[in-house]
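Observations on the model geometry
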Amino acid sequence: QVELVESGGGLVQPGGSLRLSCAASGSIFSINTMGWYRQAPGKQRELVASITTGGTPNYFSDSVKGRFVIFRDNAKKSVYLHMNNLKPEDTAVYYCNADRIQENSGRLYSNYWGRGTLVTVSS
């Protein structure tokens, strides 16, 4: 069974930094584009940043450009989101997403989600 597990969330003061991690587990052959989404209370889930299979960031939302960095380690089947200069409006549950995961058996999973990790930016 494939699983995406996020970690690294927590409470941070405005202007602070956090690094989120997402690790995939299971008998995985490959993972395509991965991304980080977030959902604030009362708002729709939005894409924050994404990164290609080869490790090239290919999207940042306007609200996080210049503050967030996304990178991945394919050997560890992990993707990371380093968040700098955090603002109260960054408060949300952050979700890891994989566009497609292929198991060693050949089974494919599309649009696969983790369960999320809460980030709270507050003084």
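Just above sits the structure.
Residues numbered from 1 in each chain as written. Predicted model: local features only at pLDDT ≥ 70, side-chain atom pairs only at ≥ 80, totals over all residues. Heavy atoms only, no water.

A few words on the overall build of the protein chain. What the protein chain contains, in helices and strands, is 0 helices and 12 strands. Going residue by residue from the N terminus, the α and β elements of the protein chain occur as β-β-β-β-β-β-β-β-β-β-β-β. In terms of C-alpha radius of gyration, the protein chain reaches 14 Å, essentially the compact-globule figure of 14 Å for 123 residues. Its C-alpha atoms put the protein chain at 50 × 25 × 25 Å along the principal axes. Of the contacts formed within the protein chain by residues at least 6 apart in sequence, a portion of 55% connects residues at least 24 apart. Averaged over its 13 positive side-chain charges, the protein chain has a centre that lies 2 Å from the centre of its 9 negative ones. (Helix = DSSP H or I, 4+ residues; strand = E, 2+ residues; numbered from the N terminus. Rg over C-alpha atoms; globule rule 2.2 N^0.38 Å. Contact = heavy atoms within 4.5 Å. Lys, Arg positive; Asp, Glu negative; His and termini not counted. Charge placed at Lys NZ, Arg CZ, Asp CG, Glu CD.)

Following the sequence through the fold, Arg72 ends up in strand β8 (residues 68-73). Salt bridges are absent for the buried Arg72, whose nearest opposite-charge side chain, Asp73, sits at 8.2 Å. There is a polar contact of 3.1 Å between the side chain of Arg72 and the backbone oxygen of Asn32. For Arg72, the contacting residues outside a window of four places in its chain are Ile31, Asn32, Thr33, Met34, Ile51, Thr52, Thr53, Gly55, Ser78, Val79 and Tyr80. (Buried < 20%, exposed > 50% of the residue type's maximum accessible area, 1.4 Å probe, protein only. Salt bridge = Lys/Arg side-chain N within 4 Å of Asp/Glu carboxyl O. Polar contact = N/O pair within 3.5 Å; in protein donor to acceptor, adjacent residues only side chain to side chain.)

Shape descriptors only; they carry no functional weight alone.
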